[in-house]
Amino acid sequence: MPFFINEDQRISINLSDFANYIIETDMVTFGKDKRSTLINIIIKNFKDEAKSTISTSSEAYRAEIEEILRKKDIVVEKDNHILKALVEHNIKNIIATNYKKGNAFKIRLKNANVDYFINESLDSEYYANSLGAYVNALLEEYTRLSYKKRETIIYKDEFETINKAINERKVLRITLVWGEIKKIKPFKICEDNQRLYYYLVGYDKESMRSISYRIVDFESVICLQEKAVLTKSDVENLEVDLLNKGVQFMRGESHEIKIRLADEGEKLYKRIPHLRPKYTRIEEDNVFVFDCSFKQIEFYFLKFGKEAEIISPLELREKFKNTYLEAYEVYK
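Residues numbered from 1 in each chain as written. Predicted model: local features only at pLDDT ≥ 70, side-chain atom pairs only at ≥ 80, totals over all residues. Heavy atoms only, no water.

Caption draft 1: Expanded view of the overall build of the protein chain. A count of helices and strands for the protein chain gives 12 helices and 11 strands. By the compact-globule yardstick of 20 Å for 332 residues, the protein chain is too spread out, its C-alpha radius of gyration being 26 Å. Its C-alpha atoms give the protein chain principal-axis dimensions of about 75 × 55 × 45 Å. The long-range fraction of contacts in the protein chain, counting pairs at least 24 apart against all pairs at least 6 apart in sequence, stands at 68%. In the form shown here, the protein chain has an accessible surface area of approximately 18,900 Å², with 50% of it arising from carbon and sulfur atoms. Averaging the locations of the 55 positively and 55 negatively charged side chains of the protein chain gives two centres separated by 0 Å. (Helix = DSSP H or I, 4+ residues; strand = E, 2+ residues; numbered from the N terminus. Rg over C-alpha atoms; globule rule 2.2 N^0.38 Å. Contact = heavy atoms within 4.5 Å. Areas by Shrake-Rupley, 256 points an atom, 1.4 Å probe, with all protein chains shown as cover. Lys, Arg positive; Asp, Glu negative; His and termini not counted. Charge placed at Lys NZ, Arg CZ, Asp CG, Glu CD.)

Caption draft 2: Geometry of the packing of helix H1 (residues 17-29) against helix H2 (residues 35-46). Direction vectors running N to C along H1 and H2 enclose 100 degrees, while the axes themselves pass 10 Å from each other. Between H1 and H2, the crossing angle belongs to the class labelled roughly perpendicular. Note on element contacts: H2 touches H1 through Arg35, Leu38 and Ile42, opposite Asn20, Ile23, Asp26 and Met27. Considering only residue class, the contact of H1 with H2 consists of four nonpolar, one polar and two charged. (Axes fitted to C-alpha atoms, helices over the stretch in contact; angles between N-to-C directions. Parallel < 35°, antiparallel > 145°, perpendicular 65-115°, else oblique. Nonpolar A, V, L, I, M, F, W, Y, C, P; charged D, E, K, R; others polar.)

Caption draft 3: Geometry of the nonpolar core. Ranked by size, the top nonpolar core spans 52 residues in total, and within it Leu131, Val135, Leu172 and Phe218 carry the most contacts. Aside from chain neighbours lying at most four places away, what touches Leu172 is Thr161, Ile162, Ala165, Lys182, Lys183, Ile184, Pro186, Leu200, Val221, Ile222 and Cys223. Listed in part, the 17 residues of the second largest apolar core include Tyr269, Phe288, Phe290 and Cys292. (Core = buried A, V, L, I, M, F, W, Y, C linked by side-chain atoms within 4.5 Å. Buried < 20%, exposed > 50% of the residue type's maximum accessible area, 1.4 Å probe, protein only.)

Caption draft 4: Local environment of the environment of Glu67. Relative to the helices and strands, Glu67 is located in helix H3 (residues 54-71). For the pair Glu67 and Asn119, spaced 52 residues apart in sequence, the C-alpha to C-alpha distance is 31 Å.

Caption draft 5: Looking closely at the packing of helix H11 (residues 294-301) against helix H12 (residues 314-331). At a minimum axis separation of 11 Å, H11 and H12 run at an interaxial angle of 35 degrees. In this structure, H11 meets H12 at a crossing whose hand is right-handed. The residues of H12 that touch H11, namely those facing Phe294, Ile297, Glu298 and Phe301, are Glu315, Leu316, Lys319, Phe320 and Tyr324. Class assignment for the residues of the contact of H11 with H12 results in six nonpolar, no polar and three charged. (Left-handed = near helix turned anticlockwise from the far one by under 90°.)

Caption draft 6: Looking closely at the side chain of Asn45. Locating Asn45 in the fold gives a position in helix H2. On the accessibility criterion, Asn45 (5% relative accessible area) is buried. A distance of 2.8 Å separates a polar atom in the side chain of Asn45 from the backbone oxygen of Ile153. The residues touching Asn45, leaving out its near neighbours within four places in the chain, are Ile153, Ile154, Lys156 and Asp157. (Polar contact = N/O pair within 3.5 Å; in protein donor to acceptor, adjacent residues only side chain to side chain.)

Caption draft 7: Seen up close, the pattern of salt bridges. Here the structure, examined in full by the defined rule, presents 25 salt bridges. Note that Asp204 is salt-bridged to Lys182, the shortest N-O span being 3.2 Å. Residue Asp204 is found in strand S5 (residues 198-204), and its partner Lys182 is found in strand S4 (residues 181-191); the two are separated by 22 residues along the sequence. Between Glu226 and Lys205 there is a salt bridge, and its shortest N-O distance comes to 3.5 Å. Note that Glu226 is positioned in strand S7 (residues 218-227) and Lys205 in the loop between S5 and strand S6 (210-214), a separation of 21 residues in sequence. Taken together, the shared-partner salt bridges in this structure form one network comprising Glu256, Lys258, Arg281 and Glu283. (Salt bridge = Lys/Arg side-chain N within 4 Å of Asp/Glu carboxyl O.)

Right, dumping it as structure tokens:
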């Protein structure tokens, strides 16, 4: 029996405080102005891999146990009753997972999701024919995933398009959330050093400068038929930029930047790895020399205050000075 869906395609949701908080946060992070929009994307992109989709997750679990037993030279066919009991126990554990509710609302399912559930009846028995109960379980599971994993779910189509372009050596046309349109020769998808976010790395086709963009910066991604061949030299240059600048700051123009670190500043530099620029050398009087963008220096060193003095270039020194003076005006 398929899930029951009423004529207006609305279902009732009742989430725990934690799950509701993550859904509301992800709406902002992923630029979705309505809960229905975000949740429909989660249903579409997550249902095939979620443990809550018991019809598929129990089969995957069964296959995993069979493989373990075979590796131990246990004849699965003879002990099929044990395997069946393990699978049933796993299903009971999934169904028994319960969260304190308290955030009730309704959403309207998009037609594509409605069509799927009308034709899909395998899971209705586990959720008493209640589609709301199934979606509730799906959302509770989704919200307990890491941010990075949730990003891959929400941007599943974009990741697939990017990987297609990389594998087929095709140009990507990306529209950024602030309206800018770029043609990119894609190299690969990278994580930052802290493994928090995903970035597309490649070359801007027009300027042939190395670039990186967060996946969440994309309004749309299209794989074109134009060829996007990267030479050995192109790849080597990108790898050097990744190493020296870090994936977050590849778009910034590099400058030679000199910063005098006080003793405490040097300790902070060694202690704080996040967004830390790499120095090229150390000169007299504890002056560290960097080859990176102004943006990276600002992100990292502004919090050091008097423990890090910008020596050159003067343009950046003035920017730091004015930033501190403006803050002083607020507190004086």
